[in-house]
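Chain residues, written in single-letter form:
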Amino acid sequence: MDNAALIVAEVVSAIICFVLLRFMIKPYRTTGESRYLGLPLGFGFLGVSYVFMGFALYFESFIFVDDLKWLQLFTQAYAFAFLAATYYFSKKPPERTRLWWNITYAGLIFALVVSYLVVFEPPMFGLPSYKTVDEYFRIFNIICLAYISIHTLRSHVSRPDPKTIWIPLSYLLLGFSQYSFLIWSIDSSFSAYVGAHVLRLSGLLVLLFVAYQAFYGTREASPKEGIRDEEAST
Amino acid sequence: MRKLPRRDKLKIYGDLLFILYSEAKKEKVVLTRVQLKTNVPFDRLKTYIADLKELGLILDEPSLKLTDKGKLYLSEYQTVLDFMKRMGLAYG
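Residues numbered from 1 in each chain as written. Chains lettered and ligands numbered in written order. Predicted model: local features only at pLDDT ≥ 70, side-chain atom pairs only at ≥ 80, totals over all residues.

All right, on to the overall build of chain A then. Secondary structure summary: chain A contains eight helices and zero strands in total. Listing the helices and strands of chain A from first to last along the sequence gives α-α-α-α-α-α-α-α. Within chain A, the fraction of its 234 residues that count as buried is 38%. In chain A, once contacts between residues fewer than 6 apart in sequence are set aside, the share between residues at least 24 apart is 71%. (Helix = DSSP H or I, 4+ residues; strand = E, 2+ residues; numbered from the N terminus. Buried ≥ 20, exposed ≤ 12 C-beta atoms within 10 Å, placed from the backbone. Contact = placed C-beta atoms within 7 Å.)

Structure below.
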C-alpha cells in the first residue's frame, strides 16, 4: 500500500478520534462522575496513537521513528484499557466502586508514564523485539474490545432498541481491525493490512455517526418527550 | 421485588425537572403527585425544589414550572443520557 495512503488513513483516524473526544467528554461533564473519564481519555489516547503512527510513517528516516512506533503501541493499548475500564465500572453502583475506579485510572496513568520512560531508556531495560511486543499488544487490544463488544451487546439485548445496536458493531469492527493487524504481523498478508485499515476507519465512522445522531440528529419536541418514564419512576 | 438503584442528586434533579415539565401541561402542579413520581420523601422534595429555584431552573409563579434555563438544561441533560444509552453506558 502506498505510504501516502497509510498516512492519510492515520490522519483521518486521528481526526475522527479527536472529534469523538469532544462528544465523549460530555457524560463526564454532565454527571461529574470520574468513572466516565475513561471515554475521553480512551479516545484521546487512541487519536494520539494514530498521530504517532502517522509521524512514524511520514518521517521514515527520522532517528526517533522506532520510539514513535513503541509509543504508538503503548498509547493504543492504554486507550482500549481506559475504554474497557469505563464500561466495566459503568454498571457498578458508583458509591461502592468509586475508590476502585480511581485506583484503576491512577494505575493506568502510572503504567503509561512508566512505559513511556522505559521506551526512552532502552539501555536500562532491554526491550524485546518490536514485532513480538506488537503481537502481544494486539492480543490485549482484542481482549479489551471483545469485552466492550460483549458488554454493549448485552446492554442492547437487555433493552432492545435499534439505536443501541450500532455501538457493539463499531467495537466489533475495531476488534476485527486489531485481529487483521495481528494476522498481518504474523504472515505479512497485504490484504489483512488493507482490511485492518478499512475496518478501523469503518468502526470509527460508526462511532462518529452514533455521536452525531445523539447530539444533532432529529430531535423530538424539546425537552425530549417521554424520555425514560421508567427512569423517572426509579 | 426488584431493588431500585440509588440515584445521585443530579439524577434526582433531572427526574424532577422532567416530571415538572410533564406536569406543567396540566392546570396545576400538585406536589403530592410530583413526590409520588419522583419517589423521594416530601421534606427532601421541598429541599430539591428550593435548590432548583435558587439555580433559576424553575419558577413558582403561579404554579411550579420550568424556566427557559431549566428547559435548556433538561434538554441537554436528556441528550447526554440518550447518548450514554446509545453508547451502552449505564447511569444511575
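Now for the overall build of chain B. A tally of regular secondary structure across chain B gives four helices and two strands. Secondary structure elements of chain B occur, N-terminal to C-terminal, as α-α-α-β-β-α. The C-alpha atoms of chain B give 14 Å as radius of gyration, which agrees with the globular expectation for 92 residues (12 Å, within 12%). In terms of its C-alpha atoms, chain B occupies a principal-axis envelope of roughly 40 × 35 × 25 Å. Expressed as a percentage of its 92 residues, the buried residues of chain B come to 36%. Restricting to contacts in chain B with at least 6 residues of sequence separation, those with at least 24 account for 45%. (Rg over C-alpha atoms; globule rule 2.2 N^0.38 Å.)

Take the nonpolar core next. Counting 76 residues, the largest nonpolar core has A:Leu83, B:Leu17 and B:Leu20 as the members making the most contacts within it. Among the secondary structure elements, those contributing two or more residues to this core are α1 (3–31), α2 (38–58), α3 (65–90), α5 (130–158), α6 (166–187) and α7 (190–216) of chain A together with α1 (9–23) and α4 (68–86) of chain B. Top contributing element to this core by residue count: α3(A), with 16 residues. Aside from chain neighbours lying at most four places away, what touches B:Leu17 is B:Leu57, B:Leu66, B:Gly70, B:Tyr73 and B:Leu74. (Core = buried A, V, L, I, M, F, W, Y, C linked by C-beta atoms within 7 Å.)

For the rest of this paragraph, the subject is the confidence of the model for chain A. Chain-level statistics for chain A give a pLDDT mean of 85 and a share of 88% at 70 or above. Throughout residues 225–234 of chain A the model reports pLDDT below 50, and contacts reaching past four residues in sequence, or to other chains, amount to 17 contacts. (pLDDT = per-residue confidence, 0-100.)

Owing to its 3.6 residues per turn, the α-helix aligns residues three or four sequence positions apart on the same side. Look at α2(A): 30 Å from first C-alpha to last across 21 residues, which is about the 30 Å you get at 1.5 Å a residue. Of all 21 residues that make up α2(A), 16 are buried, and the element is covered over most of its length. (Expected span 1.5 Å × (residues − 1).)

All names here are of chain A. Mapped onto the elements of the fold, Tyr147 is located in helix α5. Overall, Tyr147 belongs to the partly exposed group, with 18 C-beta atoms counted inside 10 Å. When the C-alpha atoms of Tyr147 and Gly175 are compared, they prove to be 9.9 Å apart, with 28 residues separating the residues in sequence.

Relative to the elements of secondary structure, A:Val118 occurs in helix α4 (residues 94–120). Expressed as a C-alpha distance, the spacing of A:Val118 and A:Trp70, which sit 48 residues apart in the sequence, is 10.0 Å.

Phi angles above zero are rare outside glycine, and A:Ser188 is one such case at about 55°. Residue position: A:Ser188 is located in the loop between α6 and α7.

Residue and element names in this part refer to chain A. Following both chains from N to C, one finds α2 and α3 inclined at 160°, their axes separated by 8 Å at the closest point. Relative to α3, the element α2 lies roughly antiparallel. In this structure, α2 meets α3 at a crossing whose hand is left-handed. For the contact of α2 with α3, the residue count by class is 18 nonpolar, seven polar and one charged. (Axes fitted to C-alpha atoms, helices over the stretch in contact; angles between N-to-C directions. Parallel < 35°, antiparallel > 145°, perpendicular 65-115°, else oblique. Left-handed = near helix turned anticlockwise from the far one by under 90°. Nonpolar A, V, L, I, M, F, W, Y, C, P; charged D, E, K, R; others polar.)

A few words now on the confidence of the model for chain B. Per-residue pLDDT for chain B has a mean of 83; in total, 91% of the residues score no lower than 70. Confidence metrics for the complex model read pTM 0.83 and ipTM 0.81.

Moving on, we come to the environment of A:Phe45. Residues and elements named next belong to chain A. By the element assignment, Phe45 lies in helix α2. Owing to 24 C-beta atoms within 10 Å, Phe45 belongs among the buried residues under this scheme. As a C-alpha pair, Phe45 and Ala77 span 32 residues in sequence and 8.9 Å in three-dimensional space. Dropping the residues within four chain positions of it, Phe45 is found in contact with Thr75, Tyr78, Ala79 and Phe82.

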